[in-house]
Amino acid sequence: MHKRKVKRWLPAAVLGGTLAAGAFAFLPSFAQAQNEDDAKASSTQADFAAAAAEFKVPLAVLLGVAHEESGWQQHSGYSNTGGWGLMNLTDVTPKMVAGGSAGAAGRSDIGSFTDHPEMHTLRTAAKLTGVPADRLRKDRKDNIRGGAALLAAYQKQLTGGTSDDPSQWTAAVAKYSRLTDKKAATSYVDKVYATITSGARQKSAHSPSVKMQAEPAAKPVAGQLGKLKLKDTPSPQAECPPEMTCRFIPAAASNGQVSDRPANGIKITQIVLHTTEGSYENAIKTFQTAGGASSQYVMKSSDGSVTQMVPNKDVAFGDGNYDSNLHSIQIEHEGFSAHGADWYTPAVYEQTATLVKYLAARYNVPLDRQHILGHDNVAGPSTDTVSGMHWDPGNGWDWTRFMQVLGAPIDDGARGVGPIGTAVTITPGFEENQQTHTVCPDDDPSGAVKSCGPVTAPSSALFVRSAPRDDAPLLLDPVVHGGEDETSGTDRVSDWSTTVQAGQKFVVADRQGDWTAIWFDGQKGWIHNPGGKNTTPAPGAHLIKAGGATAAPVYGTAYPDPAEYPKGMSPSKQTPLTGKNYAIPAGQSYVAEQPPVESEDFSPSDGTVVKGAKRYYTVQFNHRYVLVNAADVTAAKTARH
């Protein structure tokens, strides 16, 4: 089965050990091949000792930094940060950026997204050691040597020489963190030295066995941080309604782009909700680390308190689609999507609604489900990114409750189904809508799920089947499930391709008994809907259909045409989503909540905003939306009853 990408920003407590402050994926990787000698419990300890001696780095410093970077667990290029090995040597490539949180597929300036030295410490380590980069990625011993070489180079650059005193390595430790904010770098240094002071030990069947003796006398020398050009500017006032508890901590500059929305003409049209897949504190630290993701806001589960990390005028790299990032405000919620109902507390619903209402009023964002979205509703920017788009906050987010608290209820009419060709809103409720999904360890980075199994829980979703019966296969999305042996979708909790969500609108394609067919994913899909209890007629909905006999192409982005870019500015490349069924076929209709908007693009290097003549609808295509050129379709409203 095709595995969808899982966002992994885990807190230390989840896995029973202190893990990297800035790392994304803290699940151990077992892929590295090791010979029998390497597998001995003492070999990793010996590798650290040998590297420390070779590069004249105090062993406590080398072990302390590795502990903070990886939790002494072997990683293999995890997530967008491109970190490798126990020393988390980074190498972020344009390919990672194209399919990562920046969603930069098709952008001509993609190189600028990775043009930051802190994203390529692996390459620097390769030059210092003379070891090929691939060996630094895959060989544990050389990876540790690479980290030691970096620390030694930083120490010599900053102080003129090495030292046997761990305290005298404070500035080098801060530089290794890759953090540019003084508060964030100081926090990193404090954690490293706290580990050095107290000592640590790890013994695991799946991770290297390492022991670090306590050195109580080792303390960071705060004055050394002055050797680094760390930013220590006052944080701006958090942009929150006055009744909310908010603070501002800046994300790493490379994890977003400075802009001037909406004053520069870039409209904010979406608010995207996420789940951190980890702790509140760890998400904040992750966003402070160069080479990864960011969001405008991070919300704590217990009380709904908020940390803003990117000004709303700027672009956060949050949802894997640059065009969406360009027009969105991103809100991260503490928790795990596989256990959403346990983390999405009443405080979270209330505080998120308060924040969203404030933002929607400020930026004129429509309060509907095509503009108030989950990350799982965002389109892939290109065909090859569609299957890997994230699935948070998942179906455990109670959209019915949230939209009610938001003041834009989705189920304020009588339940039922109108005639074929009319629109319905998906309204299954939540508590009463018990659905069974298969949950596997890959879906649950908390580590709580040890094996795949069924879990029945309240859900905002309904399954979409290929025929009007309970045992019919779930509808197949060939882009997500492209294997030769795959004939249907799955009931995996992470498989967004087989469900519709509360608040989404679709057009009735057929009716048989307790089942209602809708146009979905370029196909006819069936939802169980006895007596119309899971839908509400949506009179007045805007329906679009292909303007001719051929299918209308669909897009994940809406960039201007190349000829519309000013001279000297390379255009972004826009291509249709070309996977099987990814189009609006003649004879099918889909819902577009709002009128079409103009295409736009942005150059962060000089602040240029480009406007295109073409206008695009946001269309509910399947679980996700797509964009459709208004010139390729015709639009009409359903009659109001």
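1. Points about the pairing of strand β20 (residues 515-520)
Most of β20 sits out of view: 6 of its 6 residues are buried. Every second residue of β20 is oriented toward a common face, with Trp515, Ala517 and Trp519 on one face and Thr516, Ile518 and Phe520 on the other, all of them buried. Note that strand β19 (residues 505-512) and β20 share 4 bridges and pair antiparallel. Bridging across to β20, Gln512 finds its partner in Trp515.

2. Quick word on the side chain of Gln155
Mapping Gln155 onto the fold places it in helix α8 (residues 140-159). Sequence-distant contacts of Gln155, defined by excluding residues within four places in its chain, comprise Gly160, Gly161, Thr162, Ser163, Gln168, Trp169 and Ala172.

3. Looking at helix α10 (residues 182-198)
Counted at 1.5 Å a residue, the expected span for α10 with its 17 residues is 24 Å, and the 24 Å between its end C-alpha atoms agrees. Where α10 is buried, its residues touch α3 (59-70), α9 (170-176), β4 (200-202) and β5 (210-212). Gly199 sits one or two residues past α10 and shows a positive phi near 80°.

4. A short note on the packing of α3 against α10
The geometry of α3 relative to α10 is characterised by a closest axis approach of 9 Å and an angle of 120° between their N-to-C directions. With respect to their mutual orientation, α3 and α10 come out oblique. α10 is crossed by α3, and the crossing has right-handed handedness. When α3 is examined against α10, the residues Ala60, Val61, Gly64, Val65, His67, Glu68 and Glu69 are found in contact with a partner set consisting of Tyr188, Lys191, Val192, Thr195 and Ile196.

5. Structural notes on the sheet that holds strand β22 (residues 535-537)
If you walk across this open sheet you meet the 5 strands as β21-β20-β19-β14-β22, and the pairing is antiparallel. Among the strands making up the open sheet, the edge pair consists of β21 (523-528) and β22. Strand-to-strand twist in this sheet, taken as the mean axis angle between neighbours without regard to direction, amounts to 50°.

6. Quick word on the packing of aromatic side chains
All told, the structure shown has 11 aromatic pairs when counted by the stated rule. Considering the side-chain rings of Trp399 and Phe402, the 6.0 Å spacing of their centres and the 75° angle between planes classify their relative orientation as edge-to-face. Of this pair, Trp399 and Phe402 both sit in helix α15 (residues 399-406), 3 residues apart, roughly one helical turn. Given the relative accessible area of 0%, Trp399 is considered buried. Taking the centre distance of 5.8 Å and the plane angle of 85° together, the rings of Tyr555 and Tyr616 count as edge-to-face. Residue Tyr555 is located in the loop between β24 (552-553) and β25 (583-584), and its partner Tyr616 is located in strand β28 (residues 608-620); the two are separated by 61 residues in the primary sequence. Take Tyr616: its relative accessible area is 3%, and that puts it in the buried class. Linked through ring pairs, Tyr344, Tyr349, Trp397, Trp399 and Phe402 together constitute an aromatic cluster. In this structure, Lys175 is placed above the aromatic ring of Tyr154, and the distance from its NZ or CZ to the ring centre is 5.2 Å. It is Arg369 that lies over the ring of Trp399; its NZ or CZ is 3.6 Å from the centre.

7. Considerations on the nonpolar core
Counting residues in each nonpolar core, the largest one holds 50 residues, and the members touching the most others are Phe48, Val57, Leu62, Val65, Val173 and Tyr176. No other element matches α8, which puts 8 residues into this core. Ignoring sequence-local partners within four residues, the contact set of Leu62 consists of Phe48, Ala51, Ala52, Val57, Met87, Ile144, Gly147, Ala148 and Leu151. Counting 35 residues, the second largest nonpolar core, distinct from the first, contains Ala338, Trp496, Ile544 and Ala552.

8. With respect to the state of the cysteines
Taken as a whole and judged by the stated rule, the model has 2 disulfides. With its sulfur 2.1 Å from that of its partner, Cys240 forms a disulfide with Cys246. Residues Cys240 and Cys246 share a disulfide whose torsion about the S-S bond is about -100°; that sign makes it left-handed. Using a relative accessible area of 14% as the deciding quantity, one classes Cys240 as buried. Across the disulfide, Cys440 is cross-linked to Cys452 (sulfur-sulfur distance 2.0 Å).

9. Some thoughts on the pattern of salt bridges
Per the counting criterion, the structure on display carries 21 salt bridges. Arg415 is paired through a salt bridge with Asp411; the nearest N and O atoms lie 3.7 Å apart. The network of salt bridges with common partners includes Asp91, Arg123, Asp134, Arg137 and Lys138.

10. What about the sheet that holds strand β9 (residues 297-299)?
With respect to topology, 6 strands assemble into an open sheet ordered β6-β10-β9-β12-β8-β13, the strand pairing being mixed. One side of each edge strand has no neighbouring strand; the edge strands of this open sheet are β6 (246-248) and β13 (372-374). Across this sheet, the average inter-strand angle for adjacent strands is 25°, counted without regard to direction. Its contacts with the sheet place helix α11 (residues 280-287) against β6, β9, β10 (306-308) and β12 (328-333), and it is angled at close to 160° to β9. The sheet contacts of helix α14 (residues 346-363) involve β8 (270-275), β9, β12 and β13, and relative to β12 the element is tilted by about 170°.

11. Considerations on the confidence of the model for the chain
Per-chain confidence: the chain averages 89 in pLDDT, with 90% of residues scoring 70 or above. Counted against residues more than four places away or in other chains, residues 8-41, with its pLDDT under 50, gives 103 contacts.

Thresholds applied
Residues numbered from 1 in each chain as written. Predicted model: local features only at pLDDT ≥ 70, side-chain atom pairs only at ≥ 80, totals over all residues. Heavy atoms only, no water. Buried < 20%, exposed > 50% of the residue type's maximum accessible area, 1.4 Å probe, protein only. Helix = DSSP H or I, 4+ residues; strand = E, 2+ residues; numbered from the N terminus. Pairing = 2+ DSSP bridges. Contact = heavy atoms within 4.5 Å. Expected span 1.5 Å × (residues − 1). Axes fitted to C-alpha atoms, helices over the stretch in contact; angles between N-to-C directions. Parallel < 35°, antiparallel > 145°, perpendicular 65-115°, else oblique. Left-handed = near helix turned anticlockwise from the far one by under 90°. Phe/Tyr/Trp six-rings, centres within 6.5 Å; stacked < 30°, edge-to-face > 60°. Lys NZ or Arg CZ within 6 Å of the ring centre and 35° of its normal. Core = buried A, V, L, I, M, F, W, Y, C linked by side-chain atoms within 4.5 Å. Disulfide = S-S within 2.5 Å. Salt bridge = Lys/Arg side-chain N within 4 Å of Asp/Glu carboxyl O. pLDDT = per-residue confidence, 0-100.

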